[in-house]
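In case you want the letters, here they are:
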Amino acid sequence: MLDDFAPLAAITILGVLQQAYFSLQVIHARRRFHISPPAVSGNEDFERVYRAHLNSSEYFPMFLSVLWIAGVFFNQTLAFFIGVLYLCSRYKYFKGYSESALKRLRPLYFSATMLWILLGLASIGVLNQLSSQYLGYNPITAARSHIEL
Amino acid sequence: MLDDFAPLAAITILGVLQQAYFSLQVIHARRRFHISPPAVSGNEDFERVYRAHLNSSEYFPMFLSVLWIAGVFFNQTLAFFIGVLYLCSRYKYFKGYSESALKRLRPLYFSATMLWILLGLASIGVLNQLSSQYLGYNPITAARSHIEL
Amino acid sequence: MLDDFAPLAAITILGVLQQAYFSLQVIHARRRFHISPPAVSGNEDFERVYRAHLNSSEYFPMFLSVLWIAGVFFNQTLAFFIGVLYLCSRYKYFKGYSESALKRLRPLYFSATMLWILLGLASIGVLNQLSSQYLGYNPITAARSHIEL
């Protein structure tokens with residue numbers, strides 16, 4: 001049942017709220033630095049805010065994909081908490097990039113690490129499922145029973 | 001079962017078709033205003049069409065996220081009709097922005113309102129589900145039975 | 001059960017990996033052509049790599065949408081293989097565009113064809129489901145039994 005995935009849905013809603021917030025910050029930056037649409041260049045302070053939003057938008061579908069697959073095929077609670085850390089680091093990235101190009105780097109690396117962890121968990125979960133479905137062998141269950149013995 | 005969400009899937013397909021249409025309009029605008037790839041600037045008429053497409057692309061994953069969560073956790077019929085209104089206002093936004101930066105504003109505000117409504121319904125649905133799952137208390141069912149008494 | 005869709009989840013993970021790869025190529029191109037953030041113009045070789053990534057990012061949510069709907073409502077195996085072809089053509093598109101604007105065209109047309117096929121299958125599957133749900137008539141089952149007679 002899809003109802004079972006309310007924690008993943010909650011993270012998704014928080015992610016949408018964050019994207020909406022970034023989007024509003026771009027509108028404020030347009031007013032502050034006098035950059036009228038459709039222009040997106042002409043002032044480096046505006047360009048950094050604009051780029052921070054665009055970069056977050058590009059990563060948003062990738063984040064949602066691995067969040068849900070990791071949560072469904074590996075472990076929802078784990079995916080939930082890594083998702084929270086990802087959103088926090090994205091916020092710091094946006095704030096940092098708004099100030100200077102250098103300040104975007106540390107939270108960017110951290111958010112990328114969270115994404116790679118989700119991608120790793122998603123891959124393990126899906127490979128385990130494919131293996132048990134097509135080869136009749138479930139490596140995770142096998143590993144667990146091996147540890148318990 | 002995922003089969004039960006055919007109306008949400010129909011809106012999703014319509015949204016993909018709309019994005020494909022916007023994408024083709026950018027290609028036509030490239031030819032009309034003689035802007036060859038990879039350039040995306042040099043003519044303000046082209047830039048408005050380009051920006052209208054990019055803005056719609058940025059909002060598309062946010063729209064799909066809240067559409068599906070509102071439909072699954074709150075009410076599918078309601079999410080379906082708000083989804084239709086969102087896609088209509090996105091079309092008007094694209095057409096308006098293609099003509100002038102000013103004409104994009106009214107449909108943009110309307111589409112944003114539809115997105116906020118979907119986000120509100122999605123939040124209520126997910127909070128209700130989390131509450132009944134972790135606290136054993138279902139506020140929506142409780143409110144309904146209170147009204148019926 | 002969502003577990004049944006491990007093949008679609010596998011394609012989704014491969015798609016995320018590809019987007020991550022494109023994203024890293026943009027970072028390498030920044031270093032190679034000395035374009036520091038937030039700038040995204042100033043060298044046409046860099047601009048082509050940047051545009052190739054942005055275009056793939058714009059199409060990624062559209063691809064995932066029709067992949068999953070075609071897989072859930074029509075046929076998962078078929079959607080899986082068309083998904084593989086789409087990702088291969090996106091890779092060729094990226095490599096081609098990195099070399100010249102002309103070399104992007106053939107793989108772009110091929111990837112667009114794969115997207116239209118997925119969209120067609122998704123539409124047939126959803127219309128069939130809506131028809132059987134709201135009209136009590138299932139055209140695909142009816143067509144099959146007609147062929148078998």
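Look above for the structure.
The paragraphs below set out a description of the structure included in this document. (Residues numbered from 1 in each chain as written. Chains lettered and ligands numbered in written order. Predicted model: local features only at pLDDT ≥ 70, side-chain atom pairs only at ≥ 80, totals over all residues. Heavy atoms only, no water.)

### Some remarks on the overall build of chain A
Turning to step 1, where the next piece is worked out: Helix and strand counts for chain A stand at five helices and zero strands.
Turning to step 2, where the next piece is worked out: Principal-axis analysis of the C-alpha atoms places the extent of chain A at approximately 65 × 30 × 25 Å.
Turning to step 3, where the next piece is worked out: Here chain A holds 149 residues, and the buried ones make up 53% of them.
Turning to step 4, where the next piece is worked out: Sequence separation of 24 or more characterises 67% of the internal contacts of chain A that already satisfy a separation of 6 or more.
Turning to step 5, where the next piece is worked out: As displayed, chain A has an accessible area near 7,200 Å², and 64% of this comes from carbon and sulfur atoms.
Turning to step 6, where the next piece is worked out: Here chain A holds 12 positive side-chain charges and 8 negative ones, and the gap between their average locations is 9 Å. (Helix = DSSP H or I, 4+ residues; strand = E, 2+ residues; numbered from the N terminus. Buried < 20%, exposed > 50% of the residue type's maximum accessible area, 1.4 Å probe, protein only. Contact = heavy atoms within 4.5 Å. Areas by Shrake-Rupley, 256 points an atom, 1.4 Å probe, with all protein chains shown as cover. Lys, Arg positive; Asp, Glu negative; His and termini not counted. Charge placed at Lys NZ, Arg CZ, Asp CG, Glu CD.)

### A word on helix H4 (residues 105-135) of chain B
Turning to step 1, where the next piece is worked out: Here H4(B) is 31 residues long and its end C-alpha atoms lie 43 Å apart, about the 45 Å a rise of 1.5 Å per residue gives.
Turning to step 2, where the next piece is worked out: Once H4(B) ends, the next one or two residues include Gly136(B), with phi positive near 70°. (Expected span 1.5 Å × (residues − 1).)

### So, the interface of chain C and chain B
Turning to step 1, where the next piece is worked out: Every contact between the two is made by 28 residues of chain C and, on the other side, 26 residues of chain B.
Turning to step 2, where the next piece is worked out: Here chain C meets chain B over a buried area of about 2,200 Å², counting both sides, of which 74% is carbon and sulfur.
Turning to step 3, where the next piece is worked out: Three residues, Arg51(C), Glu58(C) and Met62(C), lead the burial of chain C against chain B; their summed loss comes to 23% of the area buried on that side.
Turning to step 4, where the next piece is worked out: On the surface where chain C and chain B come into contact, there are three residue pairs in polar contact (both at pLDDT 80 or more).
Turning to step 5, where the next piece is worked out: Counting only elements with at least two residues in the side of chain C that touches chain B, the list comes to helix H2 (44-73) and helix H4 (105-134) of chain C.
Turning to step 6, where the next piece is worked out: For the side of chain C that touches chain B, the element with the most residues is H2(C), which contributes 14 residues.
Turning to step 7, where the next piece is worked out: By residue class, the composition of the side of chain C that touches chain B is 18 nonpolar, four polar and six charged. (Buried area = accessible area lost by both parts, 1.4 Å probe. Polar contact = N/O pair within 3.5 Å; in protein donor to acceptor, adjacent residues only side chain to side chain. Nonpolar A, V, L, I, M, F, W, Y, C, P; charged D, E, K, R; others polar.)

### Section: a nonpolar patch on the surface
Turning to step 1, where the next piece is worked out: A contiguous nonpolar surface patch, about 440 Å² in accessible area, is contributed by Leu14(A), Leu17(A), Leu24(A), Ile27(A) and Trp116(B).
Turning to step 2, where the next piece is worked out: Mapped onto the elements, Leu17(A) comes out in helix H1 (residues 6-32).
Turning to step 3, where the next piece is worked out: Assessed through its relative accessible area of 33%, Leu17(A) is described here as partly exposed. (Patch = residues over 30% accessible without salt bridge, like charges linked within 9 Å, V, L, I, M, F, W, Y side chains within 5 Å. Salt bridge = Lys/Arg side-chain N within 4 Å of Asp/Glu carboxyl O.)

### With respect to the packing of helix H1 (residues 6-32) of chain B against helix H3 (residues 76-99) of chain B
All names here are of chain B.
Turning to step 1, where the next piece is worked out: Packing of H1 against H3 leaves a shortest axis separation of 9 Å and a crossing angle of 10°. With respect to H3, the axis of H1 lies roughly parallel. In this structure, H1 uses Ala6, Pro7, Leu8, Ile11, Leu14, Gly15, Gln18, Tyr21, Phe22 and Gln25 to contact H3, whose residues at the interface are Gln76, Ala79, Phe80, Gly83, Val84, Leu87, Arg90, Tyr91, Phe94 and Lys95. (Axes fitted to C-alpha atoms, helices over the stretch in contact; angles between N-to-C directions. Parallel < 35°, antiparallel > 145°, perpendicular 65-115°, else oblique.)

### Observations concerning the relation of the copies chain C and chain B
Turning to step 1, where the next piece is worked out: Mapping chain C onto chain B calls for a rotation angle of 120° and an axial translation of 0.0 Å; the resulting RMSD is 0.0 Å. Such values leave the two copies arranged in the relation of a three-fold axis. (Least-squares fit on C-alpha atoms with pLDDT ≥ 70 in both.)

### Remarks on the nonpolar core
Turning to step 1, where the next piece is worked out: Within the largest apolar cluster, 97 residues are counted, with the highest numbers of intra-cluster contacts made by Phe63(A), Val126(A), Phe63(B) and Phe63(C).
Turning to step 2, where the next piece is worked out: Excluding residues within four positions of it along the chain, Phe63(C) makes contact with Ile11(C), Gly83(C), Tyr86(C), Leu87(C), Leu115(C) and Leu118(C).
Turning to step 3, where the next piece is worked out: Counting 42 residues, the second largest nonpolar core, distinct from the first, contains Phe33(A), Leu108(A), Tyr93(B) and Val49(C). (Core = buried A, V, L, I, M, F, W, Y, C linked by side-chain atoms within 4.5 Å.)

### Details of the relation of the copies chain B and chain A
Turning to step 1, where the next piece is worked out: With an axial shift of 0.0 Å and an RMSD of 0.0 Å, the rotation relating chain B to chain A amounts to 120°.
Turning to step 2, where the next piece is worked out: Different-surface contact between copies: only 14% of interface residues of chain B are shared with the interface of chain A.

### Quick notes on the pattern of salt bridges
Side chains bearing opposite charge may pair, as long as their charged atoms lie close to each other.
Turning to step 1, where the next piece is worked out: By the definition in use, this model includes nine salt bridges over all chains.
Turning to step 2, where the next piece is worked out: A salt bridge links Lys103(B) to Glu99(B); the shortest N-O distance between them is 2.7 Å.
Turning to step 3, where the next piece is worked out: The structure contains a network of salt bridges with shared partners spanning Glu44(A), Asp45(A) and Arg48(A).

### Digging into the side chain of His53(B)
Turning to step 1, where the next piece is worked out: Looking at where His53(B) falls in the secondary structure, it is placed in helix H2 (residues 44-73).
Turning to step 2, where the next piece is worked out: Those residues within four positions of His53(B) in sequence are excluded, and the remaining contacts are Gln19(B), Phe22(B), Ser23(B), Val26(B), Phe94(B) and Glu58(C).

### Re the environment of Ser56(A)
Residue and element names in this part refer to chain A.
Turning to step 1, where the next piece is worked out: Relative to the helices and strands, Ser56 resides in helix H2 (residues 44-73).
Turning to step 2, where the next piece is worked out: Residue class for Ser56 comes out buried when judged on its relative accessible area of 1%.
Turning to step 3, where the next piece is worked out: C-alpha of Ser56 to C-alpha of Ala122: the two residues are 66 residues apart in sequence and 21 Å apart in space.
Turning to step 4, where the next piece is worked out: Excluding residues within four positions of it along the chain, Ser56 makes contact with Gln19, Phe22, Arg90 and Tyr93.
Turning to step 5, where the next piece is worked out: Within the local environment of Ser56, its side chain forms a polar contact with the backbone oxygen of Ala52, the two atoms lying 2.9 Å apart.

### Brief notes about the environment of Leu87(C)
Residues and elements named next belong to chain C.
Turning to step 1, where the next piece is worked out: Within the secondary structure, Leu87 is located in helix H3 (residues 76-99).
Turning to step 2, where the next piece is worked out: Note on Leu87: relative accessible area 10%, which makes it buried.
Turning to step 3, where the next piece is worked out: Sequence spacing of Leu87 and Gln18 is 69 residues, and the spatial spacing of their C-alpha atoms is 7.9 Å.
Turning to step 4, where the next piece is worked out: Leaving out residues up to four positions away in the same chain, Leu87 has contacts with Ile11, Leu14, Gly15, Gln18 and Phe63.

### Some thoughts on the side chain of Gln76(C)
Residue and element names in this part refer to chain C.
Turning to step 1, where the next piece is worked out: When you line up the elements, Gln76 lands in helix H3.
Turning to step 2, where the next piece is worked out: Overall, the relative accessible area of 17% leaves Gln76 in the buried class.
Turning to step 3, where the next piece is worked out: Among the polar contacts made by the side chain of Gln76, one reaches the main-chain carbonyl oxygen of Asp4 at a distance of 3.2 Å.
Turning to step 4, where the next piece is worked out: Apart from residues no more than four positions distant in its own chain, Gln76 is found in contact with Asp4, Phe5, Ala6, Pro7, Leu8 and Gly71.

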